[in-house]
Amino acid sequence: MSLRLICGLSAGNTSIMVRQSTPPPVPTVIVTRPAPGDARFAALLPGLRVICAPILAPHFPPVTLPEGLAGLILTSAHAVTALRPHAATLPPRAWCVGAATAAAAADLGLHTQHPTGRGDAEALLALILAASPAGPLLHACGVETRGNLAARLTEAGIATQSLTVYDQVPQPLSAPAIAALHGPDPVILPVFSPRSAQLLAAELVRVRPRAPIWLVAISEAAAAPLAGQVARQVTARSPDAAAMAEGVQGLATRFLAASADCADAWVEPAPRNDYRD
């Protein structure tokens, strides 16, 4: 650990210690989630310097919904955005992957249910199977999707089809994010999906960061593409935004504690004797 604050001024046999009064460094967190999820996550990180730099941007092509639907399956708030123009003709019920998606769907007037605790495709599948609703259901999803929900529900006797209602287009890291990566202090990167991790890994190769990278991954699968590019890594205790924020705050606390230790480490130079025999 380097020491950053000792100046010794000698006057005869007297050493005068001068402590630099520089402000302590503040951890930088680069949030690469697509909007508006980036701002929502940033709000969970009070006291930290947060740069929102979405590495994916949603794109919404025109869609035509099938008729006669009994309910929806929503695994992203982007799907809710895509369905907003069809709000008047949507079925009344929606099963959602998590609280944020459920809140967005409720804004469309839908009656929603979502898993408590772990919010992922497996928990959502279990919730729908337990409810055993009459179909047909529609999984409104993105181009990249996980869990194969429609096929598994249909196989279980609940007629379900999937419809791609949005895509996410890769974006380069923003200039402020690159500047932070070229700085001297660690940068904390929360990563929420394997796809965003793959894109971020390629961006890190492109920008050649000098800052140490501290990774908070939502899963081991999301951490894998960044293996070998990070100095520290933690995996969230559960796959949700609250646990990810907890992981970020934990790393930030370690960083601040280490900075405080360095600031308090005083090294006094050997006394200088100006007397001559």
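Heads up: the structure comes first, above all this text.
Note that this is a predicted model, so its numbers are computed, not measured.

What counts and how
- Residues numbered from 1 in each chain as written.
- Predicted model: local features only at pLDDT ≥ 70, side-chain atom pairs only at ≥ 80, totals over all residues.
- Heavy atoms only, no water.
- Helix = DSSP H or I, 4+ residues; strand = E, 2+ residues; numbered from the N terminus.
- Contact = heavy atoms within 4.5 Å.
- Areas by Shrake-Rupley, 256 points an atom, 1.4 Å probe, with all protein chains shown as cover.
- Phe/Tyr/Trp six-rings, centres within 6.5 Å; stacked < 30°, edge-to-face > 60°.
- Buried < 20%, exposed > 50% of the residue type's maximum accessible area, 1.4 Å probe, protein only.
- Pairing = 2+ DSSP bridges.
- Salt bridge = Lys/Arg side-chain N within 4 Å of Asp/Glu carboxyl O.
- Core = buried A, V, L, I, M, F, W, Y, C linked by side-chain atoms within 4.5 Å.
- Axes fitted to C-alpha atoms, helices over the stretch in contact; angles between N-to-C directions.
- Polar contact = N/O pair within 3.5 Å; in protein donor to acceptor, adjacent residues only side chain to side chain.

Asks: Can you explain the overall build of the protein chain? Please cite residues and give values.
Replies: When you go through the protein chain residue by residue, the secondary structure sums to nine helices and 13 strands. Looking at the protein chain alone, contacts between residues at least 24 apart form 62% of all its contacts between residues at least 6 apart. Carbon and sulfur atoms form 55% of the exposed surface of the protein chain, whose accessible area is close to 14100 Å².

Asks: Requested: an account of the packing of aromatic side chains, with residues and values cited.
Replies: Taken as a whole and assessed by the stated rule, the structure comprises one aromatic pair. Aromatic side chains F41 and F192 sit 5.0 Å apart centroid to centroid with 85 degrees between the ring planes, which places their arrangement in the edge-to-face category. Note that F41 is positioned in helix α1 (residues 37-42) and F192 in the loop between β11 (187-191) and α7 (194-207), a separation of 151 residues in sequence. Take F41 and F192: they sit in the same class, and that class is buried.

Asks: Provide a residue-level description of helix α4 (residues 121-131), including the pertinent values.
Replies: All of the buried residues in α4 are A121, A123, L124, L125 and I128. In this structure, the buried residues of α4 make contact with β6 (71-74), β7 (93-96), β9 (137-142) and α5 (149-155). S132 sits one or two positions beyond α4 and adopts a positive phi of about 50 degrees.

Asks: Describe the pairing of β6, and please don't skip the residues or the numbers.
Replies: Of the two faces of β6, the one holding G71 and I73 and the one holding L72 and L74 are both buried throughout. As defined by bridge partners, β6 adjoins β9 across four bridges and the pair is classed as parallel. Opposite G71, over in β9, you have L137 as the bridge partner.

Asks: Any chance you could break down the environment of R254 for me, citing the residues and the numbers?
Replies: For R254, the location among the structural elements is in helix α9 (residues 241-263). Placed 227 residues apart in sequence, R254 and P27 show a C-alpha to C-alpha distance of 10.0 Å.

Asks: Explain the pattern of salt bridges residue by residue, including any values.
Replies: For the structure on display, the rule yields three salt bridges. As a salt-bridge pair, R152 and E122 come within 2.8 Å of each other at their nearest N and O atoms. Here R152, found in helix α5, pairs with E122, found in helix α4; they are 30 residues apart in sequence, far enough to count as distant. In this structure R152 comes out as partly exposed when scored by relative accessible area, which is 30%. The residue R206 makes a salt bridge to E203 at a minimum N-O spacing of 2.9 Å.

Asks: Quick one: what's the story with the nonpolar core, residue by residue and with numbers?
Replies: Counting 43 residues, the largest nonpolar core has I30, F41, L181, V187, I188, L226 and V248 as its most contacted members. Listed by contribution, the elements that provide at least two residues to this core are β3 (28-31), α6 (175-181), β11, α7, β12 (213-217), α8 (220-223) and α9. Here this core gets seven residues from one element, more than from any other, and that element is α9. Beyond its immediate sequence surroundings of up to four residues, L226 is in contact with V191, A197, L200, A201, L204 and L215. In this structure, L83, A94, C96 and A102 belong to the second largest nonpolar core, which totals 22 residues.

Asks: Outline the sheet that holds strand β8 (residues 111-113), listing residues and values.
Replies: In space, the six strands of this open sheet follow the order β5-β10-β9-β6-β7-β8, with mixed pairing throughout. Two strands in the sheet have a free side with no partner beyond their single neighbour: β5 (56-59) and β8. Across the sheet, the axes of successive neighbouring strands diverge by a mean angle of 25 degrees, strand direction being ignored. Judged from the three bridges that link them, β6 and β7 form a sheet pairing that is parallel. Following the sheet pairing, I73 is matched in β7 by W95. Strands in contact with α4 are β6, β7, β8 and β9; relative to β7, the strand with the most contacts, it is inclined by about 145 degrees.

Asks: Tell me what's going on with the side chain of T101, and back it up with residues and numbers.
Replies: Looking at where T101 falls in the secondary structure, it is placed in helix α3 (residues 99-106). Judged by its relative accessible area of 6%, T101 is buried. From its side chain, T101 meets the backbone nitrogen of A77 in a polar contact 3.5 Å long. Excluding anything up to four places from it in sequence, T101 contacts L74, S76, A77, V80 and C96.

Asks: Go over the environment of I213 with me, naming the residues and quoting the values.
Replies: Tracing the chain through its elements places I213 in strand β12. Among the residues examined, I213 registers a relative accessible area of 4% and is labelled buried. Spatially, the C-alpha atoms of I213 and V230 are 4.8 Å apart, while their sequence positions differ by 17 residues. Excluding its chain neighbours within four sequence positions, the residues that come into contact with I213 are L181, V187, L189, Q229, V230, A231 and R232.

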